[in-house]
Every structure is written in structure tokens, then in C-alpha cells.
Amino acid sequence: MEPHPPGARALVLVDHGSRSPAANAQLEAAAAQLRARLPGRAVRCAHLELAAPSLPQAIDGCVAEGARQVTIALWFLSAGRHGAGDIPRLAAEARARHPQIAIRVAAPLGAHPGLIGALLARIAECES
């Protein structure tokens, strides 16, 4: 990846991770769509368990490429153990490693209206 200009923003899309390469590829497919919609922003994937890269590796990579702001986007429906505990802890550890970088954690997807719309579409596909 190319270095980013000063003030550059990066996004890390994080999921649980899987032993299944196909499952992990779904996160990369989502990241590719985000890259297309967020031109000029670095978008990386990270997994909490079972696959690489880890969240700390992805954050550190963004910083090494020149990101000054990193947003961690949760590819989770609810906060649960990872969203309420692990990810905020890892973000705090990253802030300690990179005090000059703004590192934020977005809310999980939850019952966002857009997600409900997507679920309704999947239900319609199944039932047709």
C-alpha cells in the first residue's frame, strides 16, 4: 500500500476471524466495497482470532503508512465480548503505542435500518 499524506484517515474492518478461507474472504470483499466508496482512504481487514492479520497488526500497518486517524469498524451484529471488551482494549493499547494518532471504534452494526433492509432482501431471496 502507498503511504498516505499527513492527516490521512484509515479504516480497519474487523471481524472474529475463521479457519475457513472463504469466510475470511467475505471480510475482504466488504473491504473492497468500502475502498470503492471511500476513495483516498486506506481500508484494511483484521481478525480477532483464527486468522491474520490481527487488529494490532492492521492498526500498526495503517500508522506505518502515514495514517493520522484510524477508525475501527466492527463487522459484528452486537457488541458482545469482543465488541464490548476485546476491541476497546486493543484500541486503548494501540493508542498507548501511537499517542499521536486518533484511534476510534465505531459501534457494531446492530439493528441499523440499512442492515434490516439487507436482512429483508435475504429473506425475500430465500422465500422466492
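Our structure's up above, just so we're on the same page.
Quick caveat, the model's predicted, so the values are computed rather than measured. (Residues numbered from 1 in each chain as written. Predicted model: local features only at pLDDT ≥ 70, side-chain atom pairs only at ≥ 80, totals over all residues. Heavy atoms only, no water.)

1. A look at a nonpolar patch on the surface
Consideration 1: A cluster of nonpolar side chains, namely Ile116, Leu119, Leu120 and Ile123, defines an oily patch on the protein surface of about 350 Å² accessible area.
Consideration 2: With respect to the helices and strands, Ile123 occurs in helix α4 (residues 113–127). (Patch = residues over 30% accessible without salt bridge, like charges linked within 9 Å, V, L, I, M, F, W, Y side chains within 5 Å. Areas by Shrake-Rupley, 256 points an atom, 1.4 Å probe, with all protein chains shown as cover. Salt bridge = Lys/Arg side-chain N within 4 Å of Asp/Glu carboxyl O. Helix = DSSP H or I, 4+ residues; strand = E, 2+ residues; numbered from the N terminus.)

2. Considerations on the pairing of strand β1 (residues 8–15)
Consideration 1: Across the eight residues of β1, seven count as buried, placing the element largely inside the fold.
Consideration 2: Pairing of β1 with strand β3 (residues 67–74), which is carried by seven bridges, proceeds in the parallel orientation. Along β3, the bridge assignment pairs Arg9 with Gln69.
Consideration 3: As paired elements, β1 and strand β2 (residues 42–47) share six bridges and run parallel to each other. By the bridge assignment for β2, Ala10 is matched with Ala42. (Buried < 20%, exposed > 50% of the residue type's maximum accessible area, 1.4 Å probe, protein only. Pairing = 2+ DSSP bridges.)

3. What to know about the sheet that holds β2
Consideration 1: Taken in spatial order, the four strands make up an open sheet running β2-β1-β3-β4, and their pairing is parallel. Since the sheet does not close on itself, it has two edges, and those belong to β2 and β4 (102–105), each with one partner. With direction set aside, neighbouring strand axes in the sheet form an average angle of 20°.
Consideration 2: Its contacts with the sheet put helix α2 (residues 55–64) on β1, β2, β3 and β4, and the angle it makes with β2 is roughly 160°.
Consideration 3: Packing of helix α3 (residues 80–97) onto the sheet brings it into contact with β1, β3 and β4, and relative to β4 it is tilted by some 180°. (Axes fitted to C-alpha atoms, helices over the stretch in contact; angles between N-to-C directions. Contact = heavy atoms within 4.5 Å.)

4. Some thoughts on the environment of Arg37
Consideration 1: With respect to the secondary-structure elements, Arg37 resides in helix α1 (residues 21–37).
Consideration 2: Each C-alpha atom, one on Arg37 and one on Arg97, is 29 Å from the other, the two residues being 60 residues apart in sequence.

5. As for the layout of surface pockets
Consideration 1: Taken as a whole, the largest pocket holds about 520 Å³ of empty space.
Consideration 2: Around the largest pocket, the lining comprises 18 residues; the ones closest to its centre are Ala30, Gln33, Leu34, Trp75 and Leu109.
Consideration 3: Residue assignment for the lining of the largest pocket shows that the elements contributing at least two residues are β1, α1, β3 and α4.
Consideration 4: Examining the composition of the lining of the largest pocket, we find that six residues originate from one element, α1, more than from any other.
Consideration 5: Tallied by class, the residues present in the lining of the largest pocket amount to 13 nonpolar, four polar and one charged.
Consideration 6: The computed volume of the second largest pocket comes to approximately 250 Å³.
Consideration 7: Residues belonging to the lining of the second largest pocket are distributed by class as follows: nine nonpolar, no polar and one charged. (1 Å grid on protein atoms, 1.4 Å probe; cavity = no way out; pocket = protein on both sides within 12 Å on 5 of 7 lines; lining within 4 Å. Points joined across faces, edges and corners; volume = space filled by probe spheres on them. Nonpolar A, V, L, I, M, F, W, Y, C, P; charged D, E, K, R; others polar.)

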